[in-house]
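Below are the chains, spelled out letter by letter.
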Amino acid sequence: MTTKVNAKKAPAAIGPYSQGVICGSLVFTSGQIALDAETGALTGENITEQTHKVCKNLGEILAQAGSSFERVVKTTCYLADMNDFAEFNKVYAEYFISKPARSCVAVKALPKGALVEVEAIAEVG
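Residues numbered from 1 in each chain as written. Predicted model: local features only at pLDDT ≥ 70, side-chain atom pairs only at ≥ 80, totals over all residues. Heavy atoms only, no water.

Provide a residue-level description of helix 1 (residues 47-64), including the pertinent values.
Here helix 1 contains 18 residues, and its C-alpha end-to-end distance of 26 Å stays within 8% of the 26 Å for a straight helix at 1.5 Å per residue. Here helix 1 has its buried residues at Ile47, Gln50, Thr51, Val54, Cys55, Asn57, Leu58, Gly59, Ile61 and Leu62. Among the structural elements, strand 1 (2-5), strand 3 (26-29), strand 4 (72-79), helix 2 (85-95) and strand 6 (116-123) are those in contact with the buried residues of helix 1. Sitting at the amino-terminal end of helix 1 is asparagine 46, which places a side-chain oxygen 3.1 Å from the backbone nitrogen of threonine 48. Of the residues one or two after helix 1, glycine 66 is the one with positive phi, at around 85°. (Helix = DSSP H or I, 4+ residues; strand = E, 2+ residues; numbered from the N terminus. Expected span 1.5 Å × (residues − 1). Buried < 20%, exposed > 50% of the residue type's maximum accessible area, 1.4 Å probe, protein only. Contact = heavy atoms within 4.5 Å. Polar contact = N/O pair within 3.5 Å; in protein donor to acceptor, adjacent residues only side chain to side chain.)

Take a look at the structure:
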């Protein structure tokens, strides 16, 4: 049995998917980009600003699911430009202090022209 996560302080899904799904003792978040929860507009002019917004959005979803950054076990990170890797890592390290397993890849493009997208798997309960 699964439960959908709907965090009102995080942006609504921009397609036919949920912000996250709880299955057993894990929450699987959808990839988050730097969207404003109220307007749905992309925010942040650079990788640093966008990564902070992405992490804040993820934090809201994790909290709604009964989890937190400390309980994240795996992330998948997508960068529009691998030249942003070092700056992305600086911000990422501020939030994911537990150092979960991670994949980080460059992609050709992200929704709405975003520079970064991050999804997470975390323990709940």
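What follows continues from the structure just given.
Please give an account of the state of the cysteines that cites residues and values.
Formally, a disulfide is one covalent bond, and it connects the sulfur atom of one cysteine to the sulfur atom of another. Scanning all chains against the criterion turns up zero disulfides. Of all cysteine sulfurs, the one in cysteine 77 lies closest to cysteine 55, which takes part in no disulfide; the gap is 8.2 Å. (Disulfide = S-S within 2.5 Å.)

Account for the sheet that holds strand 3, with residues named and values stated.
Sheet strands line up and pair through hydrogen bonds in the backbone, either parallel or antiparallel. Ordered in space as 1-2-3-6-4-5, the six strands form an open sheet in which the pairing is mixed. At either end of the open sheet lies a strand with only one pairing partner, and these are strand 1 and strand 5 (101-106). Neighbouring strand axes in the sheet, compared pairwise and without regard to direction, differ in orientation by 15° on average. Here strand 4 pairs with strand 6 via seven bridges, running antiparallel. Bridge pairing in strand 6 places threonine 76 opposite glutamate 119. (Pairing = 2+ DSSP bridges. Axes fitted to C-alpha atoms, helices over the stretch in contact; angles between N-to-C directions.)

So, the environment of cysteine 77: which residues are in play, and what are the values?
On the secondary structure map, cysteine 77 appears in strand 4. Leaving out residues up to four positions away in the same chain, cysteine 77 has contacts with Phe88, Tyr92, Arg102, Ser103, Cys104, Val105, Glu117 and Val118.

Got a sec to walk through unusual backbone geometry? Specific residues and values, please.
The residue lysine 99 is not glycine, and still its phi comes out positive at about 55°. With respect to the helices, strands and loops of the structure, lysine 99 is situated in the loop between helix 2 and strand 5. Lysine 99 gets classed as exposed once you look at its relative accessible area, which sits at 72%.

Any details on the side chain of threonine 75? Residues and values, ideally.
The topology assignment puts threonine 75 in strand 4. The exposure class assigned to threonine 75 is buried, which follows from its relative accessible area of 1%. A distance of 2.7 Å separates the side chain of threonine 75 from the side chain of tyrosine 92, its partner in a polar contact. Those residues in contact with threonine 75 that lie beyond four places of it in its chain are Tyr92, Phe96, Pro100, Ala101, Arg102, Ser103, Val118, Glu119 and Ala120.

How would you summarise the pattern of salt bridges if you had to cite specific residues and measurements?
Within this structure, the stated rule accounts for one salt bridge. In this structure, lysine 90 and glutamate 87 form a salt bridge, with 3.0 Å as the shortest nitrogen-oxygen distance. Here lysine 90 and its partner glutamate 87 are both found in helix 2, three residues apart, which amounts to about one turn of the helix. (Salt bridge = Lys/Arg side-chain N within 4 Å of Asp/Glu carboxyl O.)

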